[in-house]
6 protein chains.
Amino acid sequence: MKKIAVFPGSFDPITKGHESVIIRAIPLFDEIIIAVGQNPEKRAMFPLEKRLGWIKKVFMEVPAISVETYSGLTVDYCKRKGARYLLRGLRTSADFEFERSIGQTNKKLYPEIETVFLLTTPELTPINSSIVRDVYRNGGDASRFIPDGIKL
Amino acid sequence: MKKIAVFPGSFDPITKGHESVIIRAIPLFDEIIIAVGQNPEKRAMFPLEKRLGWIKKVFMEVPAISVETYSGLTVDYCKRKGARYLLRGLRTSADFEFERSIGQTNKKLYPEIETVFLLTTPELTPINSSIVRDVYRNGGDASRFIPDGIKL
Amino acid sequence: MKKIAVFPGSFDPITKGHESVIIRAIPLFDEIIIAVGQNPEKRAMFPLEKRLGWIKKVFMEVPAISVETYSGLTVDYCKRKGARYLLRGLRTSADFEFERSIGQTNKKLYPEIETVFLLTTPELTPINSSIVRDVYRNGGDASRFIPDGIKL
Amino acid sequence: MKKIAVFPGSFDPITKGHESVIIRAIPLFDEIIIAVGQNPEKRAMFPLEKRLGWIKKVFMEVPAISVETYSGLTVDYCKRKGARYLLRGLRTSADFEFERSIGQTNKKLYPEIETVFLLTTPELTPINSSIVRDVYRNGGDASRFIPDGIKL
Amino acid sequence: MKKIAVFPGSFDPITKGHESVIIRAIPLFDEIIIAVGQNPEKRAMFPLEKRLGWIKKVFMEVPAISVETYSGLTVDYCKRKGARYLLRGLRTSADFEFERSIGQTNKKLYPEIETVFLLTTPELTPINSSIVRDVYRNGGDASRFIPDGIKL
Amino acid sequence: MKKIAVFPGSFDPITKGHESVIIRAIPLFDEIIIAVGQNPEKRAMFPLEKRLGWIKKVFMEVPAISVETYSGLTVDYCKRKGARYLLRGLRTSADFEFERSIGQTNKKLYPEIETVFLLTTPELTPINSSIVRDVYRNGGDASRFIPDGIKL
C-alpha cells in the first residue's frame, strides 16, 4: 500500500519551518499532499491563490509532493485521498499540547490515521506563520523567514 | 453550612469531559450549580436555550445539580448563591496556567471562594468544547464527545 | 459516609504552601489525614520523627486533622483508611503534569478514589520543600517559608 | 553610549505587574521608554489617550521614564530611538514561550537588540491586562490590580 | 535504501505505552530496532536480561522488529546499524521539551538522522516506566500497565 | 553605584549557551562575576579546577568579567560582593518554571536582588551542560557545544 501523508495547514504564508519539515519527511513517505484548509471561520491574510502558488513554487521539482485545497474534516479528506498519515512539525510545548488534542481526536474519528511529528530545526523554532504575518504587516523584511525564491 | 459549588462555563456545548468532572464531584458537595455564563464578548456557536437544554437533560435525574445562567463577575454570582466553591476540570498544562490565573484572581476578589479542581479521565483529556465545535462545523460525528442522549 | 481525604507527601519539611492548602481544605472534608510516606528509595533530609512532630504541632488544635505514616501504595493506604479523596496542592505547570500522571494512575488502581486539587496562594507559589531544604542547607533563614511556630 | 530600553505593549490597561517590572528596571538603564503600540488589528478596550494618561500619571515623577506611541515593527522603533534593549516581564511558562518567539525573532531582525526579562513578583503573577479588562467589564473592582492613583 | 528506525530506551520495564507506539510505527519503516541502552550512570530496577526477554516476548511474532543492547552515543549506534530514524513516543509537554533537546542535539551530531514522534493514546498517557516501577515497588498490580503476556 | 551581576552555576562544563548569554550581558553591567557554586550535594563530572580554568580561558580578555567560587546561599554571596543582579539564561519553559521559583525565593531572602534573564539564541537552545556531559561520557564530539578554544 502506498504511504501517503497529508500535511494540513493554512500556510498563511508557508514558512521556512514548514519547508524544512516537509523536505525532511520526503524519504519517509511515497507521497506528501500539502493540504491547504479552507476554513470560513478563520480569515487568512493572504489570498488562497497566492498561498497555493508559493507552495507550488517551493516544491515544484519534487514529484512526490502535491498541493491541494480541502474543506471539511481533515480526517475525511485523508480518507478520500487514501492517506494514513498526518504530518506535523513541533516547535514549542504550547504547540505540542494543541497538536496532541487534535491528533488524539483525529485518531478517535479515524482510527487508521497516525500523526507523525518531526521537530523544527533550532534556528527555525521561533518562526511561525503568525510571526511572519506580523513582521510583514508592520513593514518588516519577512523574506528570511519564508522559503527562498518566493516573495510575499 | 451547605456546601454549594458553582461550575461556571459556556458549555458550547457540554462535553463528556464536563459530564465526567461534574458526576465525580457530586459526593463532594451538597449542591452543584452549573452556571452558563452570558458573555457578550464571546459569541457562542449554539444558542443559549440549546446549551441549557442539553445540560438539563444530562443531569435531570440528579437532584443535587441545577442549571442556571448568569452574567457579570463569576464571584459575584457565587456570593449571590451562597457558594463557597468553584468547580473546574483540568486537562492540560495550558489549561492549568489559565485556570490558575483565574482562580487566584477570583480569590483576591472574594477571599472566601475556593476553586476545587478534578482531573479529566485520560480518555477524555483531548476533548474540549472548541474541538467538538470544530468537528461539528466540519460535518464530523461529534456524538462520541458529548454526553449520551443529547444531539447537537 | 464520612468524607475522608488523605494528603500524602514526604513533608521534608512541611511548608507554608502545604499548610495553606490543608487549612483551606478543612471545610470540604470530615477528616483529613496527613500521610507521611516512608519511601526507602528517597532519602529525606529531616528525620521522620521531626517531620511528624512539626506537622502535629501545626495542626494540633484542628481535631479534623490527623497525622500518620504509611508505606506501600498510596491508594492501598487510602483503602485501609476508608478514604475516597486524595488532596494535593498545585503550584506550577510542571507540578501539574506530574500530578496528573500520578492522579490518573491512582484512579486506574482504585477507581473510587478522586484527587482533589487546590491552588497555592500566589505568595507561596515559588516555595516547595526542595527550595526550603536548599535554603536551610546553605545556612539561610528558612523560617519564613515554613509554618509559624516550628523551627527546623 | 546611553542605555535605552523600550518596554513595548498595549497597556490596555497598565497593571501593577507592569508597574513593578518597570520600577525594578530603572537602575538597570539610563532611560526607559514605555511604548504603546498602535496595532490596527487589535482593538483595545480603553482609548489610547486614557492608556497614555494612566501611564504618565504613574511615572510622572520618574525623569528616566517617558511614554510614547508607535506603530510599525517594534525593532524599527527601537532603532529610531537608539534603544538596544527591550524590557519585558515574565509571569508564566505560557508567557515565556510566546516571549521567546518574539524575542528571538526581534534579534534576527535587529541583531543589536537584546530582550531583558524580569520576573513578576509572586503576588502579581496571576494578573495581566486581559484579566483586569474582564473584571472591569463585569463590574468588578479592578482597582487592586492597577497602579495606585489611577482610575479606570 | 531500507528504512530502519531505532527506538532507544531503558525499558525498565517496557510499558503498554511503548508497545502501542512501536506497533503503530511498524508500517512506517522496513525495520525497527528496539535498542536497550546500557547506561552505567543510571541503575535500572530490572536486570538487563529480564528487560530484553520481555521485549522479545512482546514482539516475537513481528519479523520487522528486533531487540538489541547498545552502549555509547545513540547516534553512533544508529550509524553502525544504518538507521536514519529515531522513533519516540510523546506523552506530555514535559516529555516534549526533553525530547526536543535530545532530538535537536542528535541531529547536530549526525545530520542524516531524523527523530520521528508518535503520540501515545489518551488511555496510556499517564503511564511511564517510572510510574510502573513505583507501583511494582510498592506491591501494587502493575500488570495493566505492561504488555499482555509478560510478568514483572 | 557600580552595577555588579553574578552569574551563578556549576558550569559542568561551560557551554556555548552560557558564553553567549554572558557576552551579550556585558554592556548591561559594570562587572559580571561568574560564580561557580560548590555544592556538596551535587557531584560534578569535571573537577572544579578544570571548570574554573575553562571559564577563565574563555573570558580572559574581558576585564569586566571575573570568575570565582562560592559556597552557601547565592544571595549571601551577592551581598558580600555588593551585587544587586543575578544573571541567567532562559532556554525552555521547563527552565523558566525552575528559574522563577529560584528567582522569586532569592528576592524574598534579599529584596534588593533582581534576577535579569536573557534568552539563549535559537541555535543554542537545545544545549545545556547535562547534554554536553552525556555526549562526552559516551565518546561523542562535544567540542561544538562548548566555547571555542577549550577542550574537555
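As a reminder, the structure under discussion sits directly above these lines.
Bear in mind the structure is a predicted one, so any value in this text is a computation, not a measurement.

**Notes on the interface of chain E and chain A**
Right, on to step 1. Across the contact, 29 residues belong to chain E and 29 residues belong to chain A.
Right, on to step 2. Where chain E abuts chain A, roughly 2400 Å² becomes buried across the two surfaces, and 61% of that area is made up of carbon and sulfur atoms.
Right, on to step 3. Taken together, chain E and chain A are joined by 13 residue pairs in polar contact (both at pLDDT 80 or more).
Right, on to step 4. Of all the secondary structure elements, the ones that give two or more residues to the side of chain E that touches chain A are β4 (85–90), α4 (93–109) and β5 (114–119) of chain E.
Right, on to step 5. With nine residues, the single largest contributor to the side of chain E that touches chain A is α4(E).
Right, on to step 6. Classifying every residue of the side of chain E that touches chain A gives 11 nonpolar, eight polar and 10 charged.

**Let's talk about the pairing of β5(E)**
All names here are of chain E.
Right, on to step 1. The buried count for β5 comes to six of six residues, which makes it a mostly enclosed element.
Right, on to step 2. For β4 and β5, the ladder comprises six bridges, and the chain directions are parallel. Of the residues in β5, the one forming a bridge with Gly-89 is Leu-118.
Right, on to step 3. On the question of chirality, the crossover connecting β4 to the parallel β5 by way of α4 is right-handed.

**Quick look at the side chain of Thr105(B)**
Right, on to step 1. Its location among the elements puts Thr105(B) in helix α4 (residues 93–109).
Right, on to step 2. At 2.7 Å, the side chain of Thr105(B) and the backbone oxygen of Ser101(B) are in polar contact.
Right, on to step 3. If near-sequence neighbours (up to four positions away) are discounted, Thr105(B) is found in contact with Pro126(D), Ile131(D), Val135(D) and Phe145(D).

**Notes on the environment of Ile26(F)**
All names here are of chain F.
Right, on to step 1. Tracing the backbone shows Ile-26 in the loop between α1 (16–25) and β2 (31–37).
Right, on to step 2. Each C-alpha atom, one on Ile-26 and one on Ala-142, is 26 Å from the other, the two residues being 116 residues apart in sequence.
Right, on to step 3. Leave out the neighbours within four places in its chain, and Ile-26 touches Ile-32, Val-62 and Ile-65.

**Overview of the relation of the copies chain A and chain B**
Right, on to step 1. Overlaying chain A on chain B yields an RMSD of 0.0 Å, the required transformation being a rotation through 120 degrees with an accompanying axial translation of 0.0 Å. This pairing of chains is accounted for by a three-fold axis. Relative to the rotation axis, the C-alpha of Ala94(A) is the closest in chain A, positioned 4.1 Å from it.

**Description of the packing of helix α4 (residues 93–109) of chain A against α4(E)**
When two helices pack together, their arrangement is given by the angle between the helix axes and the distance between those axes.
Right, on to step 1. Running from N to C, α4(A) and α4(E) point in directions that differ by 125 degrees, and their axes come no closer than 9 Å. When the axes of α4(A) and α4(E) are compared, the pair comes out oblique. Note that α4(A) runs across α4(E); the crossing there is right-handed. Contacts between α4(A) and α4(E) involve Ser93(A), Phe96(A) and Glu97(A) from the former and Ser93(E), Phe96(E) and Glu97(E) from the latter.
Right, on to step 2. When its residues are assigned to classes, the contact of α4(A) with α4(E) shows two nonpolar, two polar and two charged.

**Considerations on the pattern of salt bridges**
Right, on to step 1. Following the criterion strictly, the structure yields 72 salt bridges over all chains and no others.
Right, on to step 2. For Glu31(E), the salt bridge is made with Lys2(E), and the minimal N-O distance between the two is 2.8 Å. Of this pair, Glu31(E) sits in strand β2 (residues 31–37) while Lys2(E) sits in the segment before β1 (4–9), and the two are 29 residues apart along the sequence.
Right, on to step 3. Between Glu97(E) and Arg100(E) there is a salt bridge whose closest N-O contact spans 3.9 Å. Of this pair, Glu97(E) and Arg100(E) both sit in helix α4, three residues apart, which is roughly one turn of the helix.
Right, on to step 4. Here the salt bridges share partners, and the residues they tie into one network are Arg24(A), Lys107(E) and Glu114(E).

**A word on the side chain of Ser129(A)**
Residues and elements named next belong to chain A.
Right, on to step 1. Mapped onto the elements, Ser-129 comes out in helix α5 (residues 129–137).
Right, on to step 2. Here the side chain of Ser-129 touches Pro-13 through a polar contact of 2.8 Å, landing on its backbone oxygen.
Right, on to step 3. Contact partners of Ser-129, with chain neighbours within four places excluded, come to Asp-12, Pro-13, Thr-15 and His-18.

**Digging into the relation of the copies chain E and chain A**
Right, on to step 1. Expressed as a screw transformation, the operator carrying chain E onto chain A has a rotation angle of 180 degrees and an axial translation of 0.0 Å, and the superposed copies differ by an RMSD of 0.0 Å. Here the copies are linked by what is in effect a two-fold axis.
Right, on to step 2. Interface overlap between copies: 100% of the residues of chain E at the interface are likewise at the interface in chain A, consistent with a symmetric, same-surface contact.

Thresholds, definitions, all that
Residues numbered from 1 in each chain as written. Chains lettered and ligands numbered in written order. Predicted model: local features only at pLDDT ≥ 70, side-chain atom pairs only at ≥ 80, totals over all residues. Heavy atoms only, no water. Contact = heavy atoms within 4.5 Å. Buried area = accessible area lost by both parts, 1.4 Å probe. Polar contact = N/O pair within 3.5 Å; in protein donor to acceptor, adjacent residues only side chain to side chain. Helix = DSSP H or I, 4+ residues; strand = E, 2+ residues; numbered from the N terminus. Nonpolar A, V, L, I, M, F, W, Y, C, P; charged D, E, K, R; others polar. Buried < 20%, exposed > 50% of the residue type's maximum accessible area, 1.4 Å probe, protein only. Pairing = 2+ DSSP bridges. Right-handed = clockwise from strand over helix to strand, strands pointing away. Least-squares fit on C-alpha atoms with pLDDT ≥ 70 in both. Axes fitted to C-alpha atoms, helices over the stretch in contact; angles between N-to-C directions. Parallel < 35°, antiparallel > 145°, perpendicular 65-115°, else oblique. Left-handed = near helix turned anticlockwise from the far one by under 90°. Salt bridge = Lys/Arg side-chain N within 4 Å of Asp/Glu carboxyl O.

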